[in-house]
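Listed below are the residues making up each chain.
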Amino acid sequence: MPDEISMITAFDKVYPPLLTQIHKPPAQLYYRGDISLLTKQNLLAVVGSRKISMYSRQAMQKLLPPCIRAGVIIVSGMAYGVDSVAHRTCVELGAPTIAVLGCGIDDASLYPRGNKTLAQEILRGGGLIISEYAPGTPAYIGQFPARNRIIAGLCRATLIVQAAKRSGSLITARLTMESNREVLAIPGPITDPACEGTNILIRDGATPILESTDILSLFELEETKQEDLHYEQLREDLQIIVAVLSASPLYIDDIALASNTSVAEASAALLELEMIGAVSNMGGMKYTRSA
């Protein structure tokens, strides 16, 4: 994995000012990647369930790309689920992202192990991986709440995507409020226990996020106009997928059949196309070609 491990302390100029304002700021941060990201103004924490629902995935795909393109830098914990989707969205858009770990940041200690490739992609994309734990420190359950205080402490606001009534994401929300930062939440179906925590946060005063502009206004940013898509410039495998789509929703199995590919390959291509605005996910595994 690229980039050597370095360390900063609370006395270094690049130590993030917002982090000094939290309870028990870390005395040191070990890092790999672009440490200057910590001093940027538009940092947004994005956290949520490790078992992400299709609803939450679609909500993130709608809300995050316009914010990322406008200059918001996503901070998350590189866990499975919501964290991974947040980081992956940045990677797909060619934007930097910051991952805060609850373990050492050396190759042998990275957790979860299944996200080692994601960590590589974060670093190759100009991102940053940090931890208060020394290289060689394995993941331990008690370290993750402490990690969450850093995620919240780095950012002006924290977006809770999907959280049950009892979850680590709600701990992060509480830490955010204790640091006098903004708590944002994506509303979820009231019949879904996985969204009960986020809905309670909104009831108790968190800002509901329905559009990307709800986030952008907080950072005093405006949505950047996307350049017109030139489909002929897409990779050949993506062009094939786009060619079978139209304005009428098409089920993913039919897309795979028409493009002579597997459902898994079609799903990966559709996600990439959705990130760049070439296709729209209509829900229920149905997709249309964007106008």
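As the structure is a prediction and not an experimental result, all values here were calculated from the model.

Peer 1: Which residues make up the pattern of salt bridges, and what values do they have?
Peer 2: Across all of its chains, the model carries eight salt bridges by this definition. When the shortest N-O distance is used, the salt bridge between Arg149 and Glu132 registers 2.7 Å. Taken together, the residues Arg149 in helix H4 (residues 143-154) and Glu132 in the loop between strand S6 (128-131) and H4 connect sequence positions 17 residues apart. We note that Arg149, like Glu132, is buried. Among the ionic pairs, Arg174 bridges to Glu178, the shortest N-O distance being 2.9 Å. A residue pair is termed a helical-turn pair when its members lie 3 or 4 positions apart in one helix, as Arg174 and Glu178 do in helix H5 (residues 168-178) at four residues.

Peer 1: Go over the sheet that holds strand S11 (residues 279-283) with me, naming the residues and quoting the values.
Peer 2: The strands making up a sheet associate through hydrogen bonds between their backbones, and the pairing can be parallel or antiparallel. Within the open sheet, the three strands sit side by side as S10-S12-S11. Their pairing is antiparallel. Every other strand in the sheet has two partners, leaving strand S10 (250-251) and S11 as the edge strands with one partner each. As paired strands, S10 and strand S12 (residues 286-289) are joined by two bridges and run antiparallel to one another. Following the sheet pairing, Leu250 is matched in S12 by Tyr287.

Peer 1: Requested: an account of the nonpolar core, with residues and values cited.
Peer 2: Residues Leu38, Ile98, Ile130 and Leu154 are the most contacted members of the largest nonpolar core, which totals 29 residues. Taken together, the elements giving at least two residues each to this core come down to strand S2 (28-33), strand S3 (43-47), strand S4 (73-76), strand S5 (97-100), S6, H4 and strand S8 (182-185). Those residues in contact with Leu154, other than ones at most four positions away along the chain, are Pro16, Leu18, Leu19, Leu38, Leu43, Val75, Val100, Ile130 and Arg181. One finds Leu44, Leu63, Ile209 and Phe219 within the second-largest nonpolar core, a separate group that totals 26 residues.

Peer 1: Lay out the pairing of S8 with the relevant residues and their values.
Peer 2: Bridge count for strand S7 (residues 157-160) against S8 is four bridges, and the pairing is parallel. Paired with Thr158 across the two strands is Val183, which belongs to S8. In the classification by handedness, the crossover that spans S7, the intervening H5 and the parallel S8 is right-handed. Where S8 meets strand S9 (residues 207-208), two bridges bridge the pair, whose relative direction is parallel. Bridge pairing in S9 links Leu184 to Thr207. Regarding topology, helix H6 (residues 196-203) serves as the crossover connection from S8 to the parallel S9, and that connection is right-handed.

Peer 1: Can you lay out the packing of helix H2 (residues 82-92) against helix H3 (residues 116-124) for me, pointing to particular residues and giving the numbers?
Peer 2: Two elements in contact, H2 and H3, have axes whose closest approach is 10 Å; the angle formed by their N-to-C orientations is 40°. Comparing the axis directions of H2 and H3 gives the class oblique. The hand of the H2/H3 crossing is left-handed. In this structure, H2 contributes Ser84, His87, Arg88 and Val91 to the contact, and H3 contributes Leu118, Glu121 and Ile122. Grouping the constituent residues of the contact of H2 with H3 by class yields three nonpolar, two polar and two charged.

Parameters and conventions
- Residues numbered from 1 in each chain as written.
- Predicted model: local features only at pLDDT ≥ 70, side-chain atom pairs only at ≥ 80, totals over all residues.
- Heavy atoms only, no water.
- Salt bridge = Lys/Arg side-chain N within 4 Å of Asp/Glu carboxyl O.
- Helix = DSSP H or I, 4+ residues; strand = E, 2+ residues; numbered from the N terminus.
- Buried < 20%, exposed > 50% of the residue type's maximum accessible area, 1.4 Å probe, protein only.
- Pairing = 2+ DSSP bridges.
- Core = buried A, V, L, I, M, F, W, Y, C linked by side-chain atoms within 4.5 Å.
- Contact = heavy atoms within 4.5 Å.
- Right-handed = clockwise from strand over helix to strand, strands pointing away.
- Axes fitted to C-alpha atoms, helices over the stretch in contact; angles between N-to-C directions.
- Parallel < 35°, antiparallel > 145°, perpendicular 65-115°, else oblique.
- Left-handed = near helix turned anticlockwise from the far one by under 90°.
- Nonpolar A, V, L, I, M, F, W, Y, C, P; charged D, E, K, R; others polar.

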